[in-house]
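What follows is each chain in one-letter form.
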Amino acid sequence: MASKATDPVGFFDSGRGGLCVLEAFRKRLPLEKTIYIADTEHCPYGNKPPEEIVARAKALTEQLLAQRCKMVVVACNTATAAAIDILRATWPDVPFVGMEPAVKPAVLRSKSGIVGVLATAGTFSGRLYRETCARFAKNTRVLTCVADDWVTLVENGETTGPRAEASVRACVEPLLAAGADHLVLGCTHFPHLKPLIEQVAAGQAEVLDPSDAVARQAERLLAARNLLATVGDGVCLLYGVDGENMVE
Ligand code: DGL
């Protein structure tokens, strides 16, 4: 059966990270119904082999499509890197939106010619990241930092306090010392730590979160297919992977 404008938009991530993408989307399109699945049982994705992430991404997409989602937002950079091509090939009629590290805007705005990208190992080893850098960062030095600890901090709700600050400093200070004037948040868990990252980087680097750009892309895709909701109450369902309601 063809999708309808009143059908929901589905989101998934390994955990709570993608909630910042969901929030940006709901702010932009408040009439849309949304369903979010947090795959916390399999979190973190960052160091898992790509085949395992592909299997999770397919299973989560199936769950969302079973609930009649008209579009799927892969609100996870690591899952986008490993699986988006396969998801698109498996469900050619479904519009998918993925995450892309905001390397291009960082490069365009950088004055020092040095930018820092924070992401998981899985994102850095993906084709999408390599191609984005090759395309947009030819004359820019791109420094990278795998910040896996931050995923754990966010999953534990520990986005302030001494441990979070020590972990943010350990990743961010070397990038600043090396001259980075823009920091790209290349994992959807990281915007949850943005206030702390901005505090550490204050006066030295701008912090870029792609959530709004992803929400805009989702809007464009829905509009192109005539699937934007024109009525609705913007109801949002948050699930764990077991189908249990997620505790916020
Ligand atoms: N939030 C995810 C990302 O954007 C995954 C983090 C993880 O599970 O390691 O990459």
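For the structure itself, consult the block above.
Read on for a plain summary of the structure. (Residues numbered from 1 in each chain as written. Predicted model: local features only at pLDDT ≥ 70, side-chain atom pairs only at ≥ 80, totals over all residues. Heavy atoms only, no water.)

**Remarks on the overall build of the protein**
Along the backbone of the protein there are ten helices and nine strands. The C-alpha atoms of the protein give 18 Å as radius of gyration, which agrees with the globular expectation for 248 residues (18 Å, within 12%). For the protein, buried positions account for 51% of its 248 residues. Side-chain charges in the protein split into 26 positive and 29 negative, and the spacing between the mean points of these groups amounts to 7 Å. (Helix = DSSP H or I, 4+ residues; strand = E, 2+ residues; numbered from the N terminus. Rg over C-alpha atoms; globule rule 2.2 N^0.38 Å. Buried < 20%, exposed > 50% of the residue type's maximum accessible area, 1.4 Å probe, protein only. Lys, Arg positive; Asp, Glu negative; His and termini not counted. Charge placed at Lys NZ, Arg CZ, Asp CG, Glu CD.)

**A few points about the packing of helix H8 (residues 162-177) against helix H9 (residues 194-201)**
Contact geometry of H8 with H9 gives a least axis separation of 9 Å together with a crossing angle of 45 degrees. Taken as axis vectors, H8 and H9 run oblique relative to one another. For the element pair H8 and H9, the recorded crossing hand is right-handed. Contacts between H8 and H9 involve Ala164, Glu165, Val168, Arg169, Val172, Glu173 and Leu176 from the first element and Leu196, Ile197, Gln199, Val200 and Ala201 from the second. Tallied by class, residues from the contact of H8 with H9 come to eight nonpolar, one polar and three charged. (Axes fitted to C-alpha atoms, helices over the stretch in contact; angles between N-to-C directions. Parallel < 35°, antiparallel > 145°, perpendicular 65-115°, else oblique. Left-handed = near helix turned anticlockwise from the far one by under 90°. Contact = heavy atoms within 4.5 Å. Nonpolar A, V, L, I, M, F, W, Y, C, P; charged D, E, K, R; others polar.)

**Brief notes about the pattern of salt bridges**
This model, assessed by the stated rule, comprises twelve salt bridges. One salt bridge in this structure joins Asp39 and Arg56, with 2.8 Å as the shortest N-O distance. Residue Asp39 is found in the loop between strand S2 (34-38) and helix H2 (50-66), and its partner Arg56 is found in helix H2; the two are separated by 17 residues along the sequence. In terms of burial, Asp39 and Arg56 fall into one category: buried. The residue Glu158 makes a salt bridge to Arg163 at a minimum N-O spacing of 2.8 Å. Where salt bridges share partners, they join Lys4, Asp7 and Arg68 into one cluster. (Salt bridge = Lys/Arg side-chain N within 4 Å of Asp/Glu carboxyl O.)

**Quick notes on the pairing of strand S7 (residues 182-185)**
Strand residues, when the strand is regular, have side chains that alternate between the two faces of the sheet. Residues of S7 alternate between two faces, with His182 and Val184 on one and Leu183 and Leu185 on the opposite face, all of them buried. Running through H9, the crossover from S7 to the neighbouring parallel element strand S8 (residues 206-208) is right-handed. (Right-handed = clockwise from strand over helix to strand, strands pointing away.)

**What about the site of the ligand?**
Close to the ligand lie 14 residues, the nearest being Ser14, Tyr45, Asn77, Thr78 and His189. Take Thr78: an N or O atom from its side chain is 2.5 Å from an oxygen atom of the ligand. A distance of 2.7 Å separates a nitrogen atom of the ligand from a polar atom in the side chain of His189. Relative to its free-state accessible area of 300 Å², the ligand is covered by the protein chains to the extent of 100%. (Near = heavy atom within 4 Å. Polar contact = N/O pair within 3.5 Å; in protein donor to acceptor, adjacent residues only side chain to side chain. Areas by Shrake-Rupley, 256 points an atom, 1.4 Å probe, with all protein chains shown as cover.)

**Here's the deal with the packing of helix H1 (residues 19-28) against helix H10 (residues 211-224)**
Interaxial distance between H1 and H10 falls to 8 Å at its minimum, and their mutual angle equals 55 degrees. Classified by the interaxial angle, the pair formed by H1 and H10 is oblique. The two elements H1 and H10 cross, and the hand of that crossing is right-handed. Here Cys20, Val21, Ala24, Phe25 and Arg28 of H1 lie close against H10, whose contacting residues are Ser211, Asp212, Val214, Ala215, Arg216, Ala218, Glu219 and Leu222. Residues belonging to the contact of H1 with H10 are distributed by class as follows: eight nonpolar, one polar and four charged.

**What about the side chain of Ser110?**
Locating Ser110 in the fold gives a position in the loop between helix H4 (103-109) and strand S5 (114-119). For Ser110, a relative accessible area of 15% translates into the label buried. Here the side chain of Ser110 touches Ile114 through a polar contact of 3.4 Å, landing on its backbone nitrogen. In contact with Ser110, other than residues within four places in its own chain, are Val115, Asp181 and His182.

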